[in-house]
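Structural description and commentary
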Amino acid sequence: EVALADRALERRDVVVPAADGTPLTLSVLTPTSAVAEEAPATCVYWIHGGGMVLGDRFSQIDIPLDWLEELGAVVVTVDYRLAPEVTGTTLVEDCYAGLSWVADHADELGVDPGRIVVAGTSAGGGLAAGTTLLARDRRGPAVAAQVLVCPMLDHRNATVSSHQYAGPAVWSRAANEFGWDAVLHGTSGPVSPYVSPALAGDLTGLPTTYVDTGSAEVFRDEDVAFASRSEEHTSEL
């Protein structure tokens with residue numbers, strides 16, 4: 001929450017029910033500076049990183065706060081539950097529940113329901129991709145775009161880049177295996193593409209997608225593959 005200090009914004013916390021009724025906290029951050037748009041504004045729905053096992057709704061919040069300050073966007077950030085306390089699709093379902101609440105309360109929040117951007121970094125980027133897939137398949141909230149920053153997309157951990165960075169790193173191959181094991185432990189049957197979006201066979205009908213990845217990181221190859229497939233499907237529309 002230190003990142004919010006001295007920012008030109010108003011904060012409002014709300015509690016919304018997850019699919020199983022568990023209360024989830026969202027923070028709504030509304031710009032108060034001169035750059036603030038006249039309502040209705042663009043909304044950035046932010047999903048934090050942390051390997052699906054760490055962090056809270058204020059993790060990496062400096063990223064969307066830059067968009068709040070520079071573009072006048074309203075930022076909504078979600079405290080989804082973490083593995084291994086929850087597993088399988090629970091994390092992405094939590095994120096989808098928060099997105100649905102935002103879309104249903106757009107007028108109250110002063111945001112345009114047609115300009116909701118789903119964004120996240122690392123594990124949050126993967127959950128953002130899964131949330132956007134859920135929104136498409138359930139014909140749920142209209143997502144205008146998704147911004148995936150070094151997203152964690154593929155539980156198989158089998159790409160060249162996933163093997164290249166096995167040593168000490170901010171997020172190594174071993175850390176990646178730990179995170180995925182925590183999410184998938186005790187689950188049975190095929191892994192859901194909403195959890196591991198690289199498995200999604202159909203990327204048609206998705207909104208404009210921006211994928212950011214580094215040349216020297218575990219996620220590089222899975223991110224490039226997802227971006228390339230997204231571009232192919234976009235070209236077909």
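Here goes a summary of the coordinates provided. (Residues numbered from 1 in each chain as written. Predicted model: local features only at pLDDT ≥ 70, side-chain atom pairs only at ≥ 80, totals over all residues. Heavy atoms only, no water.)

Focus on unusual backbone geometry
Let me state the cut-off plainly: Each helix is a run of H or I in the DSSP string that is no shorter than four residues. Each strand is a run of E no shorter than two, and both are numbered from the N terminus. To sort residues, take the accessible area from a 1.4 Å probe on protein chains only and compare it with the maximum for the residue type: under 20% means buried, over 50% means exposed, and anything in between is partly exposed.
Of note, the bond from Ala 83 into Pro 84 is cis; its omega dihedral lies within 30 degrees of zero at 5 degrees. With respect to the helices and strands, Pro 84 occurs in the loop between strand E4 (74–78) and helix H2 (90–104). Phi is positive for Asp 6, close to 65 degrees, though the residue is something other than glycine. Among the structural elements, Asp 6 can be located in the segment before strand E1 (9–17). Its relative accessible area of 84% is what places Asp 6 among the exposed residues. Residue Ser 122 is not a glycine yet carries a positive backbone phi of 60 degrees.

As for the pairing of strand E6 (residues 145–149)
Spelled out, the test is: When DSSP finds two or more bridges between a pair of strands, those strands are recorded as paired. If you view a crossover with the strands going away from you and the path from the first strand over the helix to the second runs clockwise, you call it right-handed.
In terms of residue burial, E6 counts as a mostly covered element, since five of its five residues are buried. In E6, alternate side chains face the same way, and those of Ala 145, Val 147 and Val 149 on one face and Gln 146 and Leu 148 on the other are all buried. Strand direction decides the pairing type here: strand E5 (residues 111–121) and E6, joined by five bridges, are parallel. The residue of E6 that forms the bridge with Ala 119 is Val 147. Considered for its hand, the β-α-β crossover made up of E5, helix H4 (residues 123–137) and E6 is right-handed. Note that E6 and strand E7 (residues 208–212) share five bridges and pair parallel. When the sheet's bridge partners are listed, Val 147 is paired in E7 with Tyr 210.

Considering H2
Put simply, the test is: A helix is expected to span 1.5 Å multiplied by its residue count minus one.
Spanning 15 residues, H2 covers 21 Å between terminal C-alpha atoms, matching the ideal 21 Å at 1.5 Å per step. Buried residues of H2: Leu 91, Val 92, Glu 93, Asp 94, Cys 95, Tyr 96, Ala 97, Gly 98, Leu 99, Ser 100, Trp 101 and Val 102, and no others.

Quick look at the packing of aromatic side chains
How we decide: To pair, rings of Phe, Tyr and Trp, with the six-membered ring standing in for Trp, must have centres within 6.5 Å; the planes then decide the type, stacked if under 30 degrees apart, edge-to-face if over 60, and tilted in the middle. Criterion for a charge above a ring: Arg CZ or Lys NZ at most 6 Å from the ring centre, at most 35 degrees from the ring normal.
In this structure the tally under the stated criterion is one aromatic pair. Ring centres of Trp 46 and Trp 67 lie 6.4 Å apart, and the angle between their planes is 75 degrees; this geometry places the pair in the edge-to-face category. Taken together, the positions of Trp 46 in strand E3 (residues 41–47) and Trp 67 in helix H1 (residues 62–71) put the pair 21 residues apart, joining distant regions of the chain. Judged by its relative accessible area of 0%, Trp 46 falls in the buried class. Geometry around Tyr 96 places Arg 138 over its ring, the cationic atom sitting 5.0 Å from the centre.

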